[in-house]
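Chain residues, written in single-letter form:
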Amino acid sequence: EAGVVQSPRYKIIEKKQPVAFWCNPISGHNTLYWYRQNLGQGPELLIRYENEEAVDDSQLPKDRFSAERLKGVDSTLKIQPAELGDSAVYLCASSSEGWRGNYEQYFGPGTRLTVT
Amino acid sequence: AQSVTQLDSHVSVSEGTPVLLRCNYSSSYSPSLFWYVQHPNKGLQLLLKYTSAATLVKGINGFEAEFKKSETSFHLTKPSAHMSDAAEYFCVVSDRTRKLIFGQGTELSVKP
């Protein structure tokens, strides 16, 4: 079974530029999560989707961050414009049976973003 | 609000010796607790989870953890460290909405 796929694995951009990250969850997983992991810290949830619906985006900085999961499968997280403080690893995770069920989250390898 | 505190940012052991990674949690109700491991350039992997069943939880790769409500602790142990155990370990608590709240992480080094 293929795991959670993320691309790109690494991205270096200048501040004020836009950037997008892509995630393909494990087949059949209806719940998808985006996390941000700052250097030396644990991941923090940005947004959670159940199918196409964003059910928790309270931690997403909506002035510059946006996300979509149009068909309830893969998802894109965008930052526009990027700031120096956005440098981090962006992790995608997925789980099956909805967040009320087993909800074990499977994580992708992450995208390491460096903003210069 | 739920939170976890990992008491050591870095632990170093010799191969073949026991591993102890300490975690204290704070929760206003009976929590679900997890340990995840993160190897360099790889995704987070679930080691084990506690969800109000047996207080001693066995996980993968010989790791186990004991839920102690009186001490609000969920320490991770392994009897004998292997070189491949070197990684970052995260203690995690879930809140009522099942959102995962991660600790700061403990980096485990294993010396030959």
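Reference entry: report on the structure contained in this document. Residue positions are given per chain, counted from 1 along the sequence in the order it is written. Just so you know, chain letters begin at A and ligand numbers begin at 1, following the order they were written in. The predicted origin of the model limits local features to residues at a pLDDT of at least 70 and limits the giving and counting of side-chain atom pairs to 80 or more, whereas totals for whole chains, interfaces and linings rest on all residues. For the side-chain quantities, the full set of heavy atoms in the structure was used; hydrogens and water were omitted.

Here we look at the pattern of salt bridges
We define a salt bridge as a contact between a side-chain nitrogen of Lys or Arg and a carboxyl oxygen of Asp or Glu at a distance within 4 Å. Tallied over the entire structure, the rule returns 7 salt bridges over all chains. Among the ionic pairs, Arg22(B) bridges to Asp8(B), the shortest N-O distance being 3.0 Å. Of this pair, Arg22(B) sits in the loop between β3 (19-21) and β4 (23-26) while Asp8(B) sits in the loop between β1 (3-6) and β2 (10-14), and the two are 14 residues apart along the sequence. The partner of Lys78(B) in a salt bridge is Asp85(B), with the nearest N and O atoms 2.8 Å apart. There is no split in this pair, since Lys78(B) and Asp85(B) are both buried. Sharing partners across several salt bridges, the network here consists of Arg36(A), Arg64(A), Glu83(A) and Asp86(A). Helix numbers and strand numbers start at the N terminus; a helix is a DSSP run of H or I with at least 4 residues, a strand a run of E with at least 2. Only protein chains enter the area calculation, which uses a 1.4 Å probe; residues under 20% of their type maximum are buried, those over 50% are exposed, and those in between are partly exposed.

Quick look at the interface of chain B and chain A
The contact criterion used throughout is that any non-hydrogen atoms of two residues lie within 4.5 Å. Between chain B and chain A, the contact holds 20 residues from the first and 23 residues from the second. Accessible area that two parts lose when put together, with a 1.4 Å probe and added across both, is what the buried area reports. Interface area for chain B against chain A, summed over the two sides, is near 1,700 Å², with a carbon-plus-sulfur share of 50%. On the chain B side of the interface with chain A, the three residues burying the most area are Leu44(B), Arg98(B) and Lys99(B), jointly 31% of the side's total. Where chain B touches chain A, the interface holds 0 salt bridges. In protein, a polar contact means a hydrogen-donor-capable atom and an acceptor-capable atom, both N or O and within 3.5 Å, with residues adjacent in sequence counting only if both atoms are side-chain atoms; elsewhere, any N or O pair within 3.5 Å suffices. Taken together, the connections running from chain B to chain A amount to 1 residue pair in polar contact (both at pLDDT 80 or more). The set of elements that each furnish at least two residues to the side of chain B that touches chain A consists of β5 (32-38), β6 (44-50), β10 (87-94) and β11 (100-102) of chain B. Among the elements that make up the side of chain B that touches chain A, the one with the highest residue count is β5(B) (4 residues). In terms of residue class, the side of chain B that touches chain A is made up of 7 nonpolar, 8 polar and 5 charged. Amino acid classes used here: Ala, Val, Leu, Ile, Met, Phe, Trp, Tyr, Cys and Pro are nonpolar; Asp, Glu, Lys and Arg are charged; the rest, including Gly, are polar.

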